[in-house]
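One letter stands for each residue in the lines below.
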Amino acid sequence: MPAWRIVVGSDDAGFDYKEIIKRDLEGNDAVVSVADVGVDADGHTNYPTIATTAAEMVARGEADRAILICGTGLGVAVAANKVRGIRAVTAHDSFSVERSVLSNNAQVLCMGQRVVGIEQARRNVREWLTYVFDEASASNDKVQEICAYEAQ
């Protein structure tokens, strides 16, 4: 299993979950570093700024994956997907989390604090860290097609 470098971020609507998940990550043996791009307890930075900052770190190779939390998980996913080379998904259940990596090679997991319970969110993150995309899989052709379209 890889030793993950993870970046986390949230807007104020996802702050509480981000803090809990960040603590979980810091205690996880599969994680070698956790970078927090905000917000802090008093922060009111808009979610697009947080999401694109985290996604850019992944795109530049400064982090392997990112976890983004907002109210629904939708806005941060839309914003993160604007960064070239990033595949961000909103997933609130185990199967979607699994397929986000195994079928789509997504590097960014987005969740909504107002949508999913904290224990499910924590479980999603734990499971997400165990999945690695297989470039020999049938899904690789589809991921490469997405990458080629983006490169146009």
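Located above this text is the structure these notes cover.
Because the structure is predicted, anything quoted here is derived from the model rather than measured.

K.L.:
Break down the overall build of the protein chain for me, with residues and values.
P.N.:
Along its length, the protein chain carries six helices and five strands. For the protein chain, the succession of helices and strands along the chain, N to C, is β-α-β-α-β-α-β-α-β-α-α. The C-alpha radius of gyration of the protein chain comes to 14 Å, within 12% of the 15 Å expected for a compact globule of 152 residues. Counting only C-alpha atoms, the protein chain reaches 45 × 30 × 25 Å along its principal axes. In the protein chain, which comprises 152 residues, the share counted as buried stands at 47%.

K.L.:
Explain the sheet that holds strand β3 (residues 65–70) to me, using residue names and the numbers behind them.
P.N.:
Pairing is parallel in the open sheet, where five strands are placed in the order β2-β1-β3-β5-β4. The two strands at the open ends of the sheet, each matched to only one other strand, are β2 (31–36) and β4 (88–90). Neighbouring strand axes in the sheet, compared pairwise and without regard to direction, differ in orientation by 20° on average. Pairing of strand β1 (residues 4–10) with β2 involves five bridges; the strand directions are parallel. Within the sheet, the bridge partner assigned to R5 lies in β2 and is S33. Its contacts with the sheet place helix α2 (residues 47–59) against β1, β2 and β3, and it is angled at close to 170° to β3. Sheet strands touched by helix α5 (residues 118–128): β1, β3 and β5 (108–112). Its angle to β5, the strand with the most contacts, is close to 170°.

K.L.:
Now, about the side chain of S103: what can you tell me, with residues and values included?
P.N.:
Following the sequence through the fold, S103 ends up in the loop between α4 (94–102) and β5. A polar contact is formed between the side chain of S103 and the side chain of R99, at a distance of 2.8 Å.

K.L.:
Could you give me a rundown of the packing of α4 against α5, with the residues and numbers involved?
P.N.:
Two quantities define a packed helix pair, namely the angle between the helix axes and the distance between the axes. Where α4 contacts α5, the two axes come as close as 9 Å, and the packing angle between them is 30°. Classified by the angle between their axes, α4 and α5 sit roughly parallel to one another. In terms of crossing hand, the pair formed by α4 and α5 is right-handed. Residues S94, V97, S100 and V101 of α4 pack against Q120, R123, N124, E127 and W128 of α5.

K.L.:
Now, about the pattern of salt bridges: what can you tell me, with residues and values included?
P.N.:
Summed over the entire model, instances satisfying the criterion amount to 10 salt bridges. One salt bridge in this structure joins K18 and E19, with 2.9 Å as the shortest N-O distance. Side by side, K18 and E19 carry an identical accessibility label, which is buried. Put simply, D36 and K22 hold a salt bridge, and the shortest N to O gap is 2.8 Å. On the criterion of sequence distance, the pair formed by D36 in strand β2 and K22 in helix α1 (residues 15–26) is long-range, its members being 14 residues apart. Several salt bridges share partner residues, and in doing so they unite K18, E19, K22 and D36 into one network.

K.L.:
Talk me through the nonpolar core; I want residue IDs and the actual numbers.
P.N.:
Core analysis: the biggest nonpolar cluster contains 23 residues, and I6, L25 and I67 have the highest contact counts within it. For this core, the secondary structure elements donating two or more residues are β1, α1, β3, α4, β5 and α5. For I67, the residues in contact, after removing those within four places along its chain, are I6, V7, V8, G9, I21, L25, L109, V125 and W128.

K.L.:
Just give me the short version of the environment of F133, but keep the residues and values in it.
P.N.:
In this structure, F133 sits in the loop between α5 and α6 (139–151). F133 sits 29 residues away from N104 along the chain, and the two C-alpha atoms are 7.9 Å apart. Setting aside residues no more than four positions away along its own chain, F133 makes contact with V101, L102, S103, N105, S139, N140 and V143.

Definitions and limits used
- Residues numbered from 1 in each chain as written.
- Predicted model: local features only at pLDDT ≥ 70, side-chain atom pairs only at ≥ 80, totals over all residues.
- Heavy atoms only, no water.
- Helix = DSSP H or I, 4+ residues; strand = E, 2+ residues; numbered from the N terminus.
- Rg over C-alpha atoms; globule rule 2.2 N^0.38 Å.
- Buried < 20%, exposed > 50% of the residue type's maximum accessible area, 1.4 Å probe, protein only.
- Pairing = 2+ DSSP bridges.
- Axes fitted to C-alpha atoms, helices over the stretch in contact; angles between N-to-C directions.
- Contact = heavy atoms within 4.5 Å.
- Polar contact = N/O pair within 3.5 Å; in protein donor to acceptor, adjacent residues only side chain to side chain.
- Parallel < 35°, antiparallel > 145°, perpendicular 65-115°, else oblique.
- Left-handed = near helix turned anticlockwise from the far one by under 90°.
- Salt bridge = Lys/Arg side-chain N within 4 Å of Asp/Glu carboxyl O.
- Core = buried A, V, L, I, M, F, W, Y, C linked by side-chain atoms within 4.5 Å.

Structural measurements only, silent on function.
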